[in-house]
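# Reading the structure
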Amino acid sequence: MMLMIATGKGLVIYRRKAKNWAFDQVHFLGMPVSVVQLDPHNQTWWVCLDHKHWGPKIHYSADQGRTWTEVRAPKYPAHTEIKAGVPATLRYLWTMGISHAHQPKAIYLGTEPGGLFQSVDQGENFELIESLWNHPSREKHWFGGGRNHAGIHSIVIDPRDHQHIYIGVSCAGVFETHDGGQSWAACNQGLRADFLPNPFVEVGHDPHLLLMCPTKPDILWQQNHCGVFRSEDAGKHWIEVTDPERATGYGFCLAIDEQDPDQAWVIPVTSDDKRVAVNQALAVFHTYDAGKTWTDYREGLPQAGCFDIVLRHALDKKGNIMVFGTSTGNLFGSEDYGKTWQALNHYLPDIYALKLIED
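Let me begin by describing the structure that accompanies this report. Worth saying up front: this structure is predicted, and the values here are computed from it rather than measured.

## Examining the overall build of the protein chain
What the protein chain contains, in helices and strands, is 2 helices and 30 strands. For 359 residues, the compact-globule estimate of 2.2 N^0.38 gives 21 Å, and the C-alpha radius of gyration of the protein chain, at 19 Å, lies within 12% of that figure. Counting every position in the protein chain, which comprises 359 residues, the buried fraction comes to 58%. In the protein chain, the proportion of contacts linking residues at least 24 apart, taken out of those at least 6 apart, comes to 48%. Of the roughly 15,200 Å² of accessible surface on the protein chain, 50% is carried by carbon and sulfur atoms.

Structure (structure tokens):
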């Protein structure tokens, strides 16, 4: 098994042999990597870079990092504006979605300031999906959370239908298309935005991460700014499943089981204003019953003097193996579904995203 880690100083690769993880290689040394993705159709590695001077860049490797090819980053069409008088230019690449076998060359990019781009030729060209950009809610009701402008950080493609796609927008909420992006509808009923005068607005929510159960795609989970939420009807309604003590009330990352849609894992953060580990102690919370009960796992994790948080794309799971990386460069792994953990590295740069990949 391989682990691809997007850090503030490059793409770091770990490999697992005989139940041990070991450092393997690094690419783009010194460069901030915001996104890492694998194309399952051809095993191509994709990375997005966040050059402070040159702006966002996209590279791919068809030979496991031996050589890299740059493709043109997407551009907003001329005269496109975030709002009147504010030109829309690409500021950040947040996530990449790869379509499935019915559309093997389709790639989606979620960006700041809230644009969704599509390529139908495996990244050679990207075009803004203007139907979403022109959604009547965007100009007045989409806004930045931790960043200056709204950003698309989650792209979820229904494995049964490549034209059925969800996106998560901070801050706006969840949107859905059934026609490959020709039209979009908000899917936020049941969510709560405590930071707004009316917490139950149609648009203006902050889903920090959105996931779909691969084997039961009508079941969706999200770690939201205001708690953990779950939908059993393909996003038509959301039910809050935050633990009663609200320890899981704020956080960024989320993992769900590949087979069992009732199991999920989150790693809480103190609050939106402090953004440090709860009580300066790292804990992974797990539910096996769709959020009715939660158990916190702490063995092997620091329980004093810890300021780490785990960003939205920095937790992943494959079977019994789980890995997460923190904002201060600590990397932890588990071989028992998150019950116990061991440190894999304490000296990485800040970790933005990671992905477990079967060799």
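Read on, since the account is not over.
## Details of the nonpolar core
Counting residues in each nonpolar core, the largest one holds 31 residues, and the members touching the most others are Leu3, Ile5, Trp21, Phe324 and Leu331. Contributing elements (two or more residues each) for this core: β1 (2–7), β2 (10–17), β22 (251–256), β23 (264–268), β27 (321–325), β28 (331–334) and β30 (351–357). Examining the composition of this core, we find that 4 residues originate from one element, β27, more than from any other. Every residue in contact with Phe324, bar those within four places of it in the chain, is listed here: Ile267, Leu282, Val284, Leu301, Val310, Ala314, Leu315, Asn330, Leu331, Phe332, Trp341 and Leu354. Trp46, Ile58, Ile98 and Leu109 belong to the second-largest nonpolar core, a separate cluster that totals 18 residues.

## Some thoughts on the pairing of strand β10 (residues 92–98)
Within a regular strand, side chains alternate between the sheet's two faces. The buried count for β10 comes to 7 of 7 residues, which makes it a mostly enclosed element. One ladder, built from 6 bridges, connects β10 with strand β11 (residues 107–112); its direction is antiparallel. Opposite Tyr92, over in β11, you have Glu112 as the bridge partner.

## Examining the sheet that holds β27
Taken together, the 4 strands give an open sheet; going across it, the order is β26-β27-β28-β29, and neighbouring strands pair in antiparallel fashion. A strand with exactly one partner marks an edge of an open sheet, and here the two such strands are β26 (315–318) and β29 (342–345). Direction aside, the axes of adjacent strands within the sheet are offset by 25 degrees on average. One ladder, built from 4 bridges, connects β26 with β27; its direction is antiparallel. Within β27, the residue paired with Lys318 across the bridge is Ile321.

## What to know about the layout of surface pockets
Of the voids in this model, the largest pocket is the one considered here, and its volume is about 1,400 Å³. Lining the largest pocket are 43 residues; nearest its centre among them are Gln37, Leu211, Asp316, Lys318 and Lys355. Elements with a minimum of two residues in the lining of the largest pocket: β4 (33–39), β10, β14 (151–157), β18 (207–212), β22, β26 and β30. Within the lining of the largest pocket, the residues separate by chemical class into 25 nonpolar, 10 polar and 8 charged. There is about 560 Å³ of room inside the second largest pocket. Forming the boundary of the second largest pocket are 26 residues, of which Tyr92, Trp94, Arg147, Leu311 and Arg312 lie nearest the centre.

## Digging into the packing of aromatic side chains
Within this structure, the stated rule accounts for 12 aromatic pairs. Ring geometry for Trp46 against Tyr60: centres 5.1 Å apart, planes inclined by 40 degrees, an arrangement best described as tilted. Of this pair, Trp46 sits in strand β5 (residues 44–51) while Tyr60 is found in strand β6 (residues 55–61), placing the two residues 14 residues apart along the sequence. For Trp46, a relative accessible area of 1% puts it in the buried group. Taken together, the ring pairs connect Phe28, Trp45 and Trp68 into an aromatic cluster. Sitting over the ring of Trp133, Arg138 keeps its end group 3.8 Å from the ring centre. Cation over ring: Arg147 sits above Tyr92, and NZ or CZ is 4.1 Å from the ring centre.

## Regarding the side chain of Arg138
Here Arg138 lies in helix α2 (residues 138–141). Of the polar contacts made by the side chain of Arg138, one reaches the backbone oxygen of Ile82; its length is 2.9 Å. For Arg138, the residues in contact, after removing those within four places along its chain, are Glu81, Ile82 and Trp133.

## As for a nonpolar patch on the surface
On the surface, a cluster of nonpolar side chains totalling about 310 Å² of accessible area is made up of Phe23, Val26 and Leu29. Of note, Phe23 is situated in strand β3 (residues 20–27).

## Notes on the environment of Gly123
Tracing the backbone shows Gly123 in the loop between β12 (116–119) and β13 (127–128). Considered as a pair, Gly123 and Thr248 are 125 residues apart in the sequence and their alpha carbons are 37 Å apart. Among residues more than four places away in sequence, those in contact with Gly123 are Trp46, Val71 and Ile107.

Rules used throughout
Residues numbered from 1 in each chain as written. Predicted model: local features only at pLDDT ≥ 70, side-chain atom pairs only at ≥ 80, totals over all residues. Heavy atoms only, no water. Helix = DSSP H or I, 4+ residues; strand = E, 2+ residues; numbered from the N terminus. Rg over C-alpha atoms; globule rule 2.2 N^0.38 Å. Buried < 20%, exposed > 50% of the residue type's maximum accessible area, 1.4 Å probe, protein only. Contact = heavy atoms within 4.5 Å. Areas by Shrake-Rupley, 256 points an atom, 1.4 Å probe, with all protein chains shown as cover. Core = buried A, V, L, I, M, F, W, Y, C linked by side-chain atoms within 4.5 Å. Pairing = 2+ DSSP bridges. Axes fitted to C-alpha atoms, helices over the stretch in contact; angles between N-to-C directions. 1 Å grid on protein atoms, 1.4 Å probe; cavity = no way out; pocket = protein on both sides within 12 Å on 5 of 7 lines; lining within 4 Å. Points joined across faces, edges and corners; volume = space filled by probe spheres on them. Nonpolar A, V, L, I, M, F, W, Y, C, P; charged D, E, K, R; others polar. Phe/Tyr/Trp six-rings, centres within 6.5 Å; stacked < 30°, edge-to-face > 60°. Lys NZ or Arg CZ within 6 Å of the ring centre and 35° of its normal. Polar contact = N/O pair within 3.5 Å; in protein donor to acceptor, adjacent residues only side chain to side chain. Patch = residues over 30% accessible without salt bridge, like charges linked within 9 Å, V, L, I, M, F, W, Y side chains within 5 Å. Salt bridge = Lys/Arg side-chain N within 4 Å of Asp/Glu carboxyl O.

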